[in-house]
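Here are the chains, one letter per residue:
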Amino acid sequence: YPRSSSSASYSSWSSSSSSTASSNSSASISSSASSNSSGGELTIPEVIAEVSTDKLQEYLRNLVDNDDIAGFDEQQSRYSTDNGYKTESQYAYNHFQGLGLETEFQNFTRGQVTSRNVIARLKGKNTNEKYIVSAHLDSTSSSYASTKIAPGADDDGSGSALVMEVARVLTKLSYIPKHTLEFV
């Protein structure tokens, strides 16, 4: 289960059930791959134990809720040019900043439409290479009209919530990866 020191990319896990990895207390991420701030190895169960379903639900509820309407409502769109997207991209930006991560907006133009990505970085020991943990924060309705309600819980609010939770867990554990991680 541990990542070999010669591996240059992702951890190599067996294709057996994930319960094997999570119940194996000796499974670890080798120090050549990552460590906590004291230099020790992180175990897979230690990382998994920090994942919070409450936090995942909180992030998802915040992403799909129209902040202009009182209470939880799922009545917004996160279409990439709408105010809902701008509000929620600021929410994600603030989350990553609150974790102490280097965070920025990456503005882009597609055709005549301008929008932005949120990028947060967890610096690794080797900053020449990076790995990206990503989901798409925007959502749209099946008609692709920005005036339609499209809270996007499944596409891809759940993925965005997971990216936010991975960043929270790794920073809480003072994780120092071998290579820089970008949460996008």
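Residues numbered from 1 in each chain as written. Predicted model: local features only at pLDDT ≥ 70, side-chain atom pairs only at ≥ 80, totals over all residues. Heavy atoms only, no water.

**Description of the overall build of the protein**
Along the protein, the regular secondary structure elements total five helices and eight strands. Here the protein holds 184 residues, and the buried ones make up 40% of them. Within the protein, counting contacts between residues at least 6 apart in sequence, those at least 24 apart form 63% of the total. Within the structure as shown, the protein displays about 10000 Å² of accessible surface, and the carbon and sulfur contribution to it stands at 48%. (Helix = DSSP H or I, 4+ residues; strand = E, 2+ residues; numbered from the N terminus. Buried < 20%, exposed > 50% of the residue type's maximum accessible area, 1.4 Å probe, protein only. Contact = heavy atoms within 4.5 Å. Areas by Shrake-Rupley, 256 points an atom, 1.4 Å probe, with all protein chains shown as cover.)

**Comments concerning the side chain of Ser89**
Topologically, Ser89 is positioned in helix H4 (residues 83-98). In this view, Ser89 contacts Phe105, Arg116, Val118 and Leu137; residues no more than four positions away in its chain are not counted.

**Comments concerning the packing of aromatic side chains**
Scanning the model with the defined rule gives two aromatic pairs in all. On the basis of an interplanar angle of 15° and a centroid distance of 4.6 Å, the ring pair of Tyr93 and Phe105 is categorised as stacked. On the criterion of sequence distance, the pair formed by Tyr93 in helix H4 and Phe105 in strand E4 (residues 102-110) is long-range, its members being 12 residues apart. A relative accessible area of 18% means that Tyr93 is categorised as buried. Plain terms: the ring middles of Phe96 and Phe183 are 6.2 Å apart, the flat faces sit at 20° to each other, and that makes the pair stacked. Of this pair, Phe96 sits in helix H4 while Phe183 sits in strand E8 (residues 179-183), and the two are 87 residues apart along the sequence. Accessibility expressed as a relative area gives 3% for Phe96, which makes it buried. Using a relative accessible area of 0% as the deciding quantity, one classes Phe183 as buried. (Phe/Tyr/Trp six-rings, centres within 6.5 Å; stacked < 30°, edge-to-face > 60°.)

**Observations regarding the confidence of the model for the protein**
Summing up the model confidence of the protein, the mean pLDDT is 76 and the portion of residues at 70 or higher is 66%. Of all secondary-structure elements in the protein, the lowest mean pLDDT belongs to helix H1 (residues 18-23), at 34, while E8 reaches the highest, 96. In the predicted structure, residues 1-33 sits below a pLDDT of 50 and forms 56 contacts with residues beyond four places in sequence or in another chain. (pLDDT = per-residue confidence, 0-100.)

**A look at the pattern of salt bridges**
Scanning the entire structure with this criterion turns up eight salt bridges. Residue Glu102 is joined to Lys123 by a salt bridge in which the shortest nitrogen-to-oxygen separation is 3.6 Å. With Glu102 in strand E4 and Lys123 in the loop between strand E5 (113-122) and strand E6 (126-133), this pair connects stretches of sequence that are 21 residues apart. For Glu165, the salt bridge identified is with Arg168, shortest N-O distance 2.7 Å. (Salt bridge = Lys/Arg side-chain N within 4 Å of Asp/Glu carboxyl O.)

**Observations regarding unusual backbone geometry**
Even without glycine at this site, Ser174 takes up a positive phi of about 55°. In this fold, Ser174 is placed in the loop between helix H5 (153-172) and strand E7 (176-177). Exposure remark for Ser174: the relative accessible area of 31% places this residue in the partly exposed category.

**Quick notes on H4**
Taking 1.5 Å of rise per residue, 16 residues should cover 22 Å, and H4 covers 22 Å from first to last C-alpha, within 8% of that figure. Taken residue by residue, H4 has Gly84, Tyr85, Glu88, Ser89, Ala92, Tyr93, His95 and Phe96 as its buried positions. A positive phi of about 85° marks Gly100, the residue just after H4. (Expected span 1.5 Å × (residues − 1).)

**Observations regarding the sheet that holds E6**
Strand order in the open sheet formed by four strands is E4-E5-E8-E6, with mixed pairing between adjacent strands. A strand with exactly one partner marks an edge of an open sheet, and here the two such strands are E4 and E6. The mean angle between the axes of side-by-side strands here comes to 35°, regardless of whether they run parallel or antiparallel. In the packing of H4 onto the sheet, contacts are made with E4, E5 and E8, and the angle to E5 comes to roughly 15°. (Pairing = 2+ DSSP bridges. Axes fitted to C-alpha atoms, helices over the stretch in contact; angles between N-to-C directions.)

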